[in-house]
Amino acid sequence: MREVKSHPLCSFFLALAMLPCLLLPVFQKADRVDAADVSNITIQMHDLQTGVAIKGGSLVVYQVAKKDSAGKFQYTSQFSSVTKSISSLSQDQIMTADFANTLASYVTANQGKLSGVSAQISDSGEASVNVEGDAVYLVTQDTAASGYEKMNPFCVVLPYTVDGKSMSNIIAQPKMKKKITSLPKYPTTPTTPSSNKTPSTPSTSKKVKSNPRHPAVPTIKENKKTPSATNRVVKSLPQTGQLNWPIPLLALLGLTFFTWGWAAQESSER
């Protein structure tokens, strides 16, 4: 009976061919974890007086803090130099206008050094951003819509809790104020002295009420629809986690090695 000797590389090639099958459950598990951790912030821009949707402009969302193992918020590396502590603040304290302005001033002072996620405001006046849960975010307006002032910055805590209900997908509705165009100043015409004194007539013009103050904190409510993100990374940072793109590459590589090993074994048997 003829003894068949296997090629030394056959076992190695067969092991490589099985590698994609072994790694597939790992990738699938990583995908399930990432999907479960995704939250969403949808910003709806409306006119302060008319409530009409405002299109145009762009927003930038910064991740300010993440929860630690003790369940307290700690600043991310980008915001670690902020002097005001965040770990002792409640949700309501974090989402105040004063705290948002403090963070916005920090962003301005570190312009070009911080990484955020940008989203364009659509024709329907909406911008949507997918973010991680258990975090604090600062929402700023990078470019204002035509004819409107920039939105006041505000903070969002995710998940957002109100009346004991936790929300991972929320809608923020800031009210936008139109720009006030100042009239050009014309030179005053010198008056001609006159001896005839004309009695002054009482003014019949009515006082125009000034626009109401722009609310600093937007209305927050739950987004019950499936949000679709329109965000992009402004300044890329190293990303972590497994991706799906190596799977077909490893499968093709494994098939190539399997074919090579099979051909080598056939030639050794002859």
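A short tour of the structure in this document, coming up. Quick caveat: nothing in here was measured; it's all calculated off a predicted structure. (Residues numbered from 1 in each chain as written. Predicted model: local features only at pLDDT ≥ 70, side-chain atom pairs only at ≥ 80, totals over all residues. Heavy atoms only, no water.)

Digging into the environment of F73
And then number 1: Counting through the fold element by element, F73 comes out in strand β4 (residues 73–75).
And then number 2: A relative accessible area of 9% means that F73 is categorised as buried.
And then number 3: The spatial distance from the C-alpha of F73 to the C-alpha of V157 is 9.9 Å, given a sequence separation of 84 residues.
And then number 4: Once residues lying within four places of it in the same chain are set aside, the contact partners of F73 are A65, K66, K67, I86, S87, I94, D134, A135, V136 and V157. (Helix = DSSP H or I, 4+ residues; strand = E, 2+ residues; numbered from the N terminus. Buried < 20%, exposed > 50% of the residue type's maximum accessible area, 1.4 Å probe, protein only. Contact = heavy atoms within 4.5 Å.)

Considerations on the packing of aromatic side chains
And then number 1: Applying the stated criterion across every chain yields a total of two aromatic pairs.
And then number 2: Aromatic pair Y62 and F79: ring centres 6.3 Å apart, planes at 70 degrees, arrangement edge-to-face. Highlighted residues: Y62 in strand β3 (residues 58–67) and F79 in the loop between β4 and α2 (91–94), separated in sequence by 17 residues.
And then number 3: Between F79 and Y106 the ring centres are 5.3 Å apart and the planes differ by 35 degrees, which places this aromatic pair in the tilted class. (Phe/Tyr/Trp six-rings, centres within 6.5 Å; stacked < 30°, edge-to-face > 60°.)

Regarding unusual backbone geometry
And then number 1: Across the junction of L158 and P159, the peptide omega takes the value -5 degrees, indicating a cis bond.
And then number 2: You can see P159 is positioned in the loop between β8 (154–158) and β9 (160–162).
And then number 3: Phi is positive for D134, close to 55 degrees, though the residue is something other than glycine.
And then number 4: Structurally, D134 is set in the loop between β6 (126–132) and β7 (135–143).
And then number 5: Using a relative accessible area of 34% as the deciding quantity, one classes D134 as partly exposed.
And then number 6: Located in the positive-phi region is D163, a residue other than glycine, with phi close to 55 degrees.
And then number 7: Of note, D163 is situated in the loop between β9 and β10 (165–167).
And then number 8: A relative accessible area of 81% means that D163 is categorised as exposed.

Bear in mind that shape data such as this cannot, by itself, settle questions of function.
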